[in-house]
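What the coordinates show
Chain by chain, the residues:
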Amino acid sequence: MSTPPDFLPFTRPMIDEQTIAEVGEVLRSGWITTGPKCQALEAALGERFGGRPVRLLNSGTAALELALRVCGIGPGDEVITTPLSWVATANVVLAVGAMPVFVDVDPATRNIDLSRIEAAITPRTRALIPVDLAGLPVDRDALAAIASRHRLRVIEDAAQSFGARWNGREIGSFGDLVCFSFHANKNITTTEGGCIVLNDAQEATQLERLRLQGVERLAGGELEVQAWGAKANLTDVAAAIGLGQLRQVKDFAFARRLLADRYYRRWDASLGFELPPRQVAPAEGNWHMFQPLLPRWLAGRRGEFIAGMREQGIGVGVHYPAMHLFQLFRARGHGPGDFPVAEDIGARILTLPLFPEMRPTDVDRVCQAVAAVTHALRQRTTP
Ligand SMILES: *Cc1c(COP(=O)(O)O)cnc(C)c1O
């Protein structure tokens, strides 16, 4: 689809010239897949996360799936998660043969409603997968308390929350298994990619085998394979981009925060949208996305709204409709009314442009377009 030069997308990765030059060096080096750049990125991330072992994968989805396998979760097991996430969060549970069990979200945070988790726990429950939607962290204290009371593993889907903090501590630097995505749209990218933060060296070794065909390298160069492994290693070309992103991530975070603040200041409250939850300590999000909810009278007209914005030169995303309403989960017995809060939010949520290269005046342009499109749609309903 061709777009005019002043079209404002809802997101855009920012890769600086130094990083592009470093990618060129990797391509010329003769070693383009997993190698020294991956090692350097794992070391840098490990240092960032307080010395915990970090292993790179070729996607956030692979990180989540292999995390489940590290925990030994499979057929007959249940895993509790939110229906308001990217479908990867539940797909990985199906991939290992276990059953995703959804719990509705809290309207105040749009994340899993922690007060409803315990009612969903059964003798088959093995793990919780919390998701930090839009980079706003789930309450890690409440989560850890539930997990320890019921002896559950926690696999954090932190795909959207790189750089976010809970109670002053960076997500990834504490907790059980923590999974990040470096997809192009995330706060830092390797084009595609991801990583998992593990608890100890033994888990790290297990993960290394799981990510590459189960292969163990023995002394003397011999190989052994004791168990199945995936093909999910990252390339050095990708890792070089990740190293460049880490140099810039502080600037990215600062830019995102300023733009989000400007949205709150410039927003016309009379339009009737619900703005995203304001971040209150101890939750400190990373502004991965800025997501208002359409006013209820526009709930069934999201497509018209998005088309109207596009005509104004502005891209709007949808992240996400409640996933239990997808055919995949309807076929497993779900339907409308199962998780009403997630359904309501999922039907009205919009992702407005927010990325580090945006100018403050772009925010003003978006706010003006939202007002214009909303007024136009109101005209169209009243004959
Ligand atoms: C992006 C994302 C994933 C999957 O990450 P990929 O790198 O695309 O595989 C999983 N969960 C959530 C919440 C995401 O936003």
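Residues numbered from 1 in each chain as written. Predicted model: local features only at pLDDT ≥ 70, side-chain atom pairs only at ≥ 80, totals over all residues. Heavy atoms only, no water.

**Let's talk about the overall build of the chain**
Each helix and strand counted, the chain has twelve helices and twelve strands in total. Over its C-alpha atoms the chain spans a radius of gyration of 21 Å, differing by no more than 12% from the 21 Å that the globule rule assigns to 383 residues. When the backbone C-alpha atoms are referred to their principal axes, the chain occupies close to 80 × 55 × 40 Å. By residue count, 55% of the 383 residues in the chain fall in the buried class. A fraction of 71% describes how many contacts in the chain between residues 6 or more apart in sequence connect residues 24 or more apart. (Helix = DSSP H or I, 4+ residues; strand = E, 2+ residues; numbered from the N terminus. Rg over C-alpha atoms; globule rule 2.2 N^0.38 Å. Buried < 20%, exposed > 50% of the residue type's maximum accessible area, 1.4 Å probe, protein only. Contact = heavy atoms within 4.5 Å.)

**Considerations on the site of the ligand**
Around the ligand there are 16 residues in total, and Gly60, Thr61, Asp157, Ser181 and Lys186 lie nearest to it. At a separation of 2.8 Å, an oxygen atom of the ligand approaches a polar backbone atom of Gly60. The separation between an oxygen atom of the ligand and a polar side-chain atom of Ser181 is 2.7 Å. About the coverage of the ligand: the protein hides 94% of its 380 Å² of free accessible area. (Near = heavy atom within 4 Å. Polar contact = N/O pair within 3.5 Å; in protein donor to acceptor, adjacent residues only side chain to side chain. Areas by Shrake-Rupley, 256 points an atom, 1.4 Å probe, with all protein chains shown as cover.)

**A look at the side chain of Thr89**
Relative to the assigned elements, Thr89 resides in helix 4 (residues 88-95). In this structure the side chain of Thr89 is engaged in a polar contact, spanning 2.7 Å, whose partner is the side chain of Ser85. Not counting the four nearest positions on each side in its chain, Thr89 is found in contact with Thr81, Ile129, Val131, Asp157 and Met323.

**Describing empty space enclosed by the protein**
The full count for this structure, using the stated rule, is two cavities of 30 Å³ or more. The computed volume of the largest cavity comes to approximately 110 Å³. Residue composition of the lining of the largest cavity, grouped by class: seven nonpolar, three polar and one charged. Taken domain by domain, the makeup of the lining of the largest cavity includes at least three residues from each of domain 1 (17-242) and domain 2 (249-381). Here the second largest cavity is characterised by a volume of approximately 70 Å³. Lining of the second largest cavity is provided by 13 residues; of these, Arg12, Pro13, Met14, Lys186 and Asn187 occupy positions nearest its centre. Here the residues of the lining of the second largest cavity are counted per class, giving five nonpolar, five polar and three charged. The residue makeup of the lining of the second largest cavity includes at least three contributed by each of domain 1 (17-242) and domain 2 (249-381). (1 Å grid on protein atoms, 1.4 Å probe; cavity = no way out; pocket = protein on both sides within 12 Å on 5 of 7 lines; lining within 4 Å. Points joined across faces, edges and corners; volume = space filled by probe spheres on them. Nonpolar A, V, L, I, M, F, W, Y, C, P; charged D, E, K, R; others polar. Domains from an automatic or database assignment.)

**A look at the packing of aromatic side chains**
Per the counting criterion, the structure on display carries 13 aromatic pairs. Here Phe49 and Phe180 contribute two aromatic rings whose centre-to-centre distance is 5.3 Å and whose plane-to-plane angle is 5°, an arrangement assigned as stacked. Of this pair, Phe49 sits in the loop between helix 2 (36-48) and strand 1 (54-57) while Phe180 sits in strand 8 (residues 177-181); the two residues are 131 residues apart in sequence, bridging distant segments of the chain. Each of the two residues, Phe49 as well as Phe180, counts as buried. Between Phe162 and Phe180, the aromatic rings sit 5.4 Å apart at their centres with planes inclined by 75°, giving edge-to-face as the arrangement. Pair noted here: Phe162 is in the loop between strand 5 (153-157) and strand 6 (165-166) and Phe180 is in strand 8, with a separation of 18 residues, a long-range link. Across the pair, exposure class does not vary: Phe162 and Phe180 are buried alike. Among the aromatic residues, ring-to-ring pairing joins Phe49, Phe162, Phe180 and Phe182 into one connected group. (Phe/Tyr/Trp six-rings, centres within 6.5 Å; stacked < 30°, edge-to-face > 60°.)

**What to know about the environment of His319**
Structurally, His319 can be placed in the loop between helix 9 (302-311) and helix 10 (327-330). Exposure remark for His319: the relative accessible area of 14% places this residue in the buried category. Counting along the chain gives 28 residues from His319 to Gln291, while the straight-line C-alpha distance between them is 8.5 Å. A polar contact of 2.7 Å, which involves the side chain of His319, links it to the side chain of Thr351.

**Some details on the domain arrangement of the chain**
Domain assignment breaks the chain into domain 1 (17-242) and domain 2 (249-381). Domain 1 and domain 2 are separated by 26 Å when their C-alpha centres are compared. Every contact between the two is made by 39 residues of domain 1 and, on the other side, 36 residues of domain 2. Surface buried jointly by domain 1 and domain 2 totals about 3,000 Å² across both partners, of which 65% is contributed by carbon and sulfur atoms. If you sort the residues of domain 1 by the area they bury against domain 2, Phe102, Arg110 and Asn187 come out on top, with a joint share of 24%. Seen at the junction of domain 1 and domain 2, the total is zero salt bridges. (Buried area = accessible area lost by both parts, 1.4 Å probe. Salt bridge = Lys/Arg side-chain N within 4 Å of Asp/Glu carboxyl O.)

**A word on unusual backbone geometry**
In this chain, Ala281 is followed by Pro282 through a cis amide linkage whose omega measures 5°. Among the secondary structure elements, Pro282 is positioned in the loop between helix 8 (236-266) and strand 12 (283-284). Following His319, the chain continues to Tyr320 via a peptide bond in cis, the omega torsion being 15°. Mapped onto the elements of the fold, Tyr320 is located in the loop between helix 9 and helix 10. One non-glycine residue, Asn167, lies in the positive phi region at around 55°. One can find Asn167 in the loop between strand 6 and strand 7 (169-170).

**Quick notes on the environment of Thr109**
By the secondary structure assignment, Thr109 is in the loop between strand 3 (99-102) and helix 5 (117-120). According to the relative accessible area criterion, Thr109 is partly exposed, its value standing at 28%. For the pair formed by Thr109 and Leu212, sequence separation is 103 residues and the distance between their alpha carbons is 37 Å. The contacts of Thr109, once residues within four sequence positions are left out, are Leu136 and Pro277.

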